[in-house]
Structures are given as C-alpha cells and as structure tokens.
Amino acid sequence: MSPDRTSPDRTSPDQLLSGVGVLDKASLLLGVLEAGPASLARLVSATGLKRPTVHRLVLALERLRLLARDAQGRFILGPRLGLMALEACRDHLATTAEPVLSELRDVTGASARLYRRRGYMRICVAEAAVAGNPVAQDRVPVGAALPMNAGPVSQVLLAWERPEDLCEGLRGAQFTAATLSGVRRQGWAQSVGGREHGIAAVAAPVRGPGGRVVAALSISGPIGRMSGAPGRVYGSAVIDAAVRLGSGFQR
C-alpha cells in the first residue's frame, strides 16, 4: 500500500473514516492539530502522508480558514473551527451566562469568560471583557478554540473526568495528575504567566445535572492587577459565580 493512502492503522482509536480519501486525510491533519501547533514536518511524520500531499492540503485548509499559523509559523486550528464549535454547542448555559459574567467582571476588575470542552479543544462560548483592555495577550474572543494541554481552564475541564479520560488528557499536557488533584481539593485552578506572559487567570467548574462538570468559568488580567496568587484572592468569587451559573443550567 502506498504511504500516501489513509488506513486505519495510522489513525487513533477514535478516528472516524468516511471512505472519501481527501476528507480522511484532512481529518488526520486536524486530529494532529487538536493536540496543539505542529510544523509541516510534524504533520508529515504524525500522519504518514507524503509531504507534497500534506503541503497541498494545509494550504487549502488555511485558505478556508480551517487552519491558521502561530507566531512561529506552525499550523494551528483555524478560527472557522472555533465558530463552528460555538454554534454546535450553543445552549441555555451560554446564552444565559452574560449577566453572571458581567457581574463577575465588575466585582473582580478582570475579563470573565465561559469555556466548553469539545474533544481536545476548549471553546470560548461567552465573554464579558474589561472595557478598553490594553493587554493584547488577554484577548480571547468568543469562538476562539484553544488546545487542552495548558492553563487553568483546561485543568478544570479535566480534573473531574473519569480516570481513563483524565489519563488520556494528561498526554502532552503542561500539568500533572498532582496538579489536577490540587484543583479538585481547592475547587479552582490558577496560572500566573502561563498561557501568556504577564497574564494571571483563575478558573472554576460549572456543574450541570448530577454534579457533572459541563463548563469552566474563568477570569484573567494583568498580573499586576490580579496579584501573584490570583486563586487565593479571587478563587471564592469565581466559584460562587460558577455555582450561580450552574444552578440555572438546563440540558
């Protein structure tokens, strides 16, 4: 078999095959990028596809805004995927979050956001940003899709998962099982200069029916405003807001 052919042994157990070659190859590429940015060489190695094929497909996907590039020129999931995921998961929780987010922003002086998990991505589904926020690194627009391998939002979305799902989520993550144990114990996660230099953030779980974690509520802002221990300062406020948001959750 030619190495350019998509075959089941080059896919993950969860990889679905459509039987349409070009779609399956594009799906393989997107699957690799769910774990984070990747160079062209990395995409070739991870998928087993020929380099010219990968190059042709990523350029086409980039033109369609299904892929984009980061500051290092690596390929990342594009903005259209985030907007598609946002539309797919539009629900009562996201559409009623605005007053809770706005109040949390006003109380803390930090931008407040709500995230949902979709596979290996976390999607910003609602936002109440600080007006005139000059910190470019703290801009996460609604629809933005970010990998699940770093940050307090990812930790909150993973910490209460089933053991097998938690282990899978820790592969390639920038945090450990011990970190997630601490998140479960204290009820919130924090970062100081993690996702972006100069930014601090705190996140807490939003729970749905049966206590299942269905989303993560976070605040973020400059470290100078949030302090070097944002969890201790703002953890209770974020937890309270997450509880209020979850109390009105309906499937």
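See above for the structure.
Each value, and the rule that gives it
Residues numbered from 1 in each chain as written. Predicted model: local features only at pLDDT ≥ 70, side-chain atom pairs only at ≥ 80, totals over all residues. Heavy atoms only, no water. Buried < 20%, exposed > 50% of the residue type's maximum accessible area, 1.4 Å probe, protein only. Helix = DSSP H or I, 4+ residues; strand = E, 2+ residues; numbered from the N terminus. Axes fitted to C-alpha atoms, helices over the stretch in contact; angles between N-to-C directions. Parallel < 35°, antiparallel > 145°, perpendicular 65-115°, else oblique. Contact = heavy atoms within 4.5 Å. Nonpolar A, V, L, I, M, F, W, Y, C, P; charged D, E, K, R; others polar. Pairing = 2+ DSSP bridges.

## A few points about helix α7 (residues 152-159)
- Counting buried residues along α7, eight of its eight residues qualify, which places the element largely inside the surrounding structure.
- Taken as a whole, α7 has its buried residues at P152, V153, S154, Q155, V156, L157, L158 and A159.

## Looking at the packing of α7 against helix α9 (residues 177-186)
- The N-to-C vectors of α7 and α9 enclose an angle of 80°; their axes lie 9 Å apart at closest approach. Viewed along their axes, α7 and α9 adopt a mutual orientation that is roughly perpendicular. Together, Q155, V156, L158 and A159 of α7 and T179, L180, V183 and R184 of α9 make up the contact between the two elements.
- Residue composition of the contact of α7 with α9, by class: five nonpolar, two polar and one charged.

## So, the environment of G221
- Relative to the helices and strands, G221 resides in strand β8 (residues 213-222).
- Ignoring anything within four residues of it in the chain, the contact list for G221 reads D138, G198, I199, A200 and M226.

## Let's talk about the pairing of strand β4 (residues 121-128)
- Among the eight residues that make up β4, seven are buried, leaving the element largely enclosed by the rest of the structure.
- The antiparallel pairing of strand β3 (residues 111-118) with β4 creates a hairpin that spans two residues between the two strands, and G119 there sits at a positive phi of about 65°.
- Across three bridges, the pairing between β4 and strand β5 (residues 145-147) is antiparallel. Counterpart to M121 in the pairing with β5 is P147.

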